[in-house]
Structures are given as C-alpha cells and as structure tokens.
Amino acid sequence: MQVFENILEYKSSRKSIVTIGTFDGVHIGHRKIITDMVAKGEKENLLSILLTFFPHPRMVLQKDSNIKMIDTINEKKKIFKKLGVEVLIIQPFTKDFSRMSAIKFTRDILVNSLKVSKLMIGYDHRFGRNREATVKTLKSFGLDYNFKVDEIPAQDIESISVSSTKVRKAIRSGDFKLVNKFLSRPFNLSGKIIKGDELGRKIGYPTANLKIFEKYKLKPQNGVYLTRTKLKKQTYFGMMNIGIRPTISAKNNQIETHLFDFNGNLYGHEMTLEILEKIREEKKFKSIEKLKIQLDIDKKHCQKLIPQYL
C-alpha cells in the first residue's frame, strides 16, 4: 500500500475507484465499504484509493472539541493495508480545506488528481463547504465529469447496526466483547514502554508501562483488563491496569501490563496491546499485601479466560 500525507503528493494517470471518510474505528460497516471497493477495483482494473482526513474534522471545526479517536492514524494505516487498499491518502484537514466548495473538491481532487472512475460512498454522505453537497449532488457531478457513484444502500449499512459512536460507548462501558465484535478485531493500545517505579517487580508482578503519545487516542476507563500482545513473533497474554494506583496514592494515570510467562527488558520497545475483556474496576487496598492477594486472584481469573482466545 502506498501512503501519501497530502493529496498534492499523489500523481498517477491510472483510473481509480475511490472511497472517502474519516473511518474512525474502521468498524464492520467501514470494512464492508472498503472490502467492496477493493473487490470492485480488482474486477474492473481500477486502482483502489482511500481518501481520509487528519485531524478529524470535528477536532478542527468544533470549538473545545474533546472527541477521542478509536484508532490512531498509524493504527488505521495497518488496518487499511490488511484490507487490501492500494493507495491511502491522508489529507490534512484545516479550516481552509473545509471551505472548499463541493464542485471544486469534485473537479480538482476527485477528477483531476485522483482520476476517479467510480466513487463508493454511504447513502447519507455529505461533503464540501458546510457539508452542502449530497449523494444526489455527487451523482449529477458524475454525469458532468464522467464518473459513476456507487451508493451503498441504507439497508446495507443499517443491517450491520454499528457506528463509531456505538463503539466509543461500548469502550467507555468496558464491554470489550461487544467492542471487538463491532470492530471485527480487538481494540488496540499502541505506544512505547517506559521506565516506571518498579513496584510491581518488588511484589512479583513486573509490569510494562505503556506511554501513548497520541493525546487524541480513546482509552478505556480505569480498571483491570485481560490483554494479548505479540513480541518477537511470540504471543503473550497478560493483565493490564489503567488508573492512578490508589493503593500507593499515585496521582497520574498509567497503563501497566503484567505479561504472563515473560522475562526480559522491554524499555524503549514499541508494543501493541489487544484488549480482550474487562476483569474489574480499579480499587484501593488497605496495604500492598492486600493488593498482592488481589493480583493473584486476577491472574487466576485471566488464565481461566485465555483458552477462548487461543
């Protein structure tokens, strides 16, 4: 998959099939659109292009928007590649870009830059300045500029019954079986392992402390979770705590994961955690000894759950 960080960087004379969207979470509804596009591109010898935007338009256009994204842009790249997208264009979304008229967007970007032959969009797609243009508008532009609009019917999308909003709500409620069903994959947290205070090591539960650099990334609520990760082609399960660690009166939120059956130093390494289930809420214990007893219980609980994820 070729990746371009701006529409201006993309140059090709090949006819294309294009889909457009922010694709937050790349849930099963998004996957249907993308896989259909890739399949039709292969069948009709058209280059499959996915045009997305970053930052999310709501981050730019809504004052004090604190919206969090289900996936970081790097996590999305990996998913799009797996789905077979040939060209990914990540257009910087700015206020100036948002003011582009629908006709200018169609003529200059879709037709002149991307050489669109077929455009795949959802039935409720709107675009251009103030979201002024509808699917009907696009179809009229298609007649003028000689491209087809392949509209995904309402019933096809609604039958899937999922949205990015529903996924966010499920993440916040801790229902990761539902989250992962909506996404058709486990929800991920990706970052770098940094040095912590090593309290876990002292009580027999060494942890990898994950630093996520993208502030816009949606994180689960505080609590203990069953996780899975790959390190050096080996799969490791573990239990992750997100929270302030009230037992030791810490104040800053941390993401700490104890990997079962792992020995080694991970400082400075990149790691992606798949969150499989929520085990319990974060609690304050009367002593470190009481915390250790609970961790033993949590570990046994997690290990009973692991066989269903092998």
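For every chain, the first residue of its written sequence is number 1, and the numbers climb from 1 along that sequence. Where totals are concerned, whole chains, interfaces and linings use all residues; where local detail is concerned, this predicted model gives features only for residues with pLDDT of at least 70, and gives and counts side-chain atom pairs only at 80 or more. Only heavy atoms go into the side-chain values, all of them from the structure, while hydrogens and water stay out.

Novice: How should the pairing of strand 3 (residues 47-54) be read in this particular structure?
Specialist: Residues in a regular strand point their side chains to alternate faces of the sheet. In this scheme, a residue with accessible area under 20% of its type's maximum is buried, one over 50% is exposed, and one in between is partly exposed, where area comes from a 1.4 Å probe on protein chains only. Only DSSP runs of H or I reaching four residues or more are called helices, and only runs of E reaching two or more are called strands; each is numbered from the N terminus. Judged by how many residues are buried, strand 3 sits mostly within the fold: seven of eight residues are covered. DSSP bridges decide pairing: two strands pair if at least two such bridges lie between them. Relative to strand 3, strand 2 (residues 16-20) runs parallel, the two being bridged by five bridges. Note on strand 3: the bridge partner recorded for V18 is I49. Handedness is read with the strands pointing away from the viewer; a crossover is right-handed when the path from the first strand over the helix to the second is clockwise. On the question of chirality, the crossover connecting strand 2 to the parallel strand 3 by way of helix 1 (residues 28-44) is right-handed. Of the pairings in the sheet, the one linking strand 3 to strand 4 (residues 87-92) comprises six bridges and is parallel in character. Counterpart to F53 in the pairing with strand 4 is Q91.

Novice: I keep staring at helix 9 (residues 176-183) and nothing clicks. Help me out?
Specialist: Residues that lie three or four places apart on an α-helix share one face, since the helix turns once every 3.6 residues. Along helix 9, the positions that sit buried rather than exposed are F176, V179, N180, F182 and L183. Along the long axis of helix 9, the arc covered by the buried residues comes to 155 degrees, so they all point the same way. Throughout, a contact is declared for two residues whenever any of their heavy atoms are within 4.5 Å. Each element contacted by the buried residues of helix 9 is listed here: helix 1, helix 8 (164-173), strand 7 (187-194), strand 9 (223-231) and strand 12 (270-280). By definition, the arc is the one covered by directions from the helix axis to the C-beta atoms.

Novice: Explain a positive patch on the surface here, please?
Specialist: Patches in this entry comprise residues that are over 30% relatively accessible and not in a salt bridge; like charges within 9 Å are linked, as are nonpolar side chains (Val, Leu, Ile, Met, Phe, Trp, Tyr) within 5 Å. Accessible areas in this description were obtained via Shrake-Rupley with a 1.4 Å probe; residue shielding takes into account the shown protein chains only. Take a side-chain nitrogen of Lys or Arg and a carboxyl oxygen of Asp or Glu: if they are within 4 Å of each other, that pair is a salt bridge. Under the convention used here, Asp and Glu are negative, Lys and Arg are positive, and both His and the chain ends fall outside the count. Lys charges are placed at NZ, Arg charges at CZ, Asp charges at CG and Glu charges at CD. On the surface, K68, K211, K215 and K219 cluster together into a patch of positive charge. On the accessibility criterion, K215 (73% relative accessible area) is exposed.

Novice: Before we go on, may I ask you to explain the packing of helix 8 against helix 9 in this structure?
Specialist: Axis angle and axis distance: for two packed helices, these are the angle between their axes and the distance between the axes, and together they describe the pair. Geometry is summarised by axes, namely lines fitted to C-alpha atoms with helices restricted to the contacting stretch, and by angles between N-to-C directions that run from 0 to 180 degrees. In contact at an axis separation of 8 Å, helix 8 and helix 9 are set at 155 degrees when each is read in the N-to-C sense. With respect to their mutual orientation, helix 8 and helix 9 come out roughly antiparallel. Like other packed secondary-structure pairs, helix 8 and helix 9 cross with a definite hand, here left-handed. Taken together, the residues of helix 9 that come into contact with helix 8 (itself represented by K166, V167, A170 and I171) are F176, L178, V179, F182 and L183. Per-class residue counts for the contact of helix 8 with helix 9 are eight nonpolar, no polar and one charged. Between 65 and 115 degrees an angle is taken as roughly perpendicular, under 35 as roughly parallel, over 145 as roughly antiparallel, and anywhere else as oblique. In this scheme the handedness of a crossing depends on how the near helix is turned from the far one: anticlockwise by less than a right angle means left-handed, clockwise means right-handed. In this classification, Asp, Glu, Lys and Arg are treated as charged, Ala, Val, Leu, Ile, Met, Phe, Trp, Tyr, Cys and Pro as nonpolar, and every other residue, Gly included, as polar.

Novice: Just checking my understanding: could you explain the sheet that holds strand 12 for this structure?
Specialist: Two modes of strand pairing occur in sheets, parallel and antiparallel, and in both the strands are linked by backbone hydrogen bonds. Spatial ordering of the closed barrel is given by 7-8-11-10-9-12, a layout of six strands whose pairing is antiparallel. Across the sheet, the mean angle from the axis of one strand to that of its neighbour is 45 degrees, orientation sign disregarded. Examined bridge by bridge, strand 9 and strand 10 (residues 234-243) share nine bridges and lie antiparallel to one another. Residue pairing for strand 10: L231 is matched across the bridge by Q234. Its contacts with the sheet place helix 11 (residues 288-305) against strand 9, strand 10, strand 11 (254-259) and strand 12, and it is angled at close to 100 degrees to strand 12.

Novice: What is the right way to look at the packing of aromatic side chains in this model?
Specialist: Between two aromatic rings, the relevant description is the distance of the centres plus the angle of the planes. Only Phe, Tyr and Trp rings are paired, with Trp represented by its six-membered ring, and only when their centres lie within 6.5 Å; those with planes under 30 degrees apart are stacked, over 60 edge-to-face, the remainder tilted. In the structure shown here, the tally under the stated rule is ten aromatic pairs. Between F23 and F80, the aromatic rings sit 6.0 Å apart at their centres with planes inclined by 80 degrees, giving edge-to-face as the arrangement. Taken together, the positions of F23 in the loop between strand 2 and helix 1 and F80 in helix 3 (residues 73-82) put the pair 57 residues apart, joining distant regions of the chain. Each of the two residues, F23 as well as F80, counts as buried. With centroids separated by 6.0 Å and ring planes inclined at 75 degrees, the aromatic side chains of F53 and F93 adopt a geometry described as edge-to-face. Here F53, found in strand 3, pairs with F93, found in the loop between strand 4 and helix 4 (95-98); they are 40 residues apart in sequence, far enough to count as distant.

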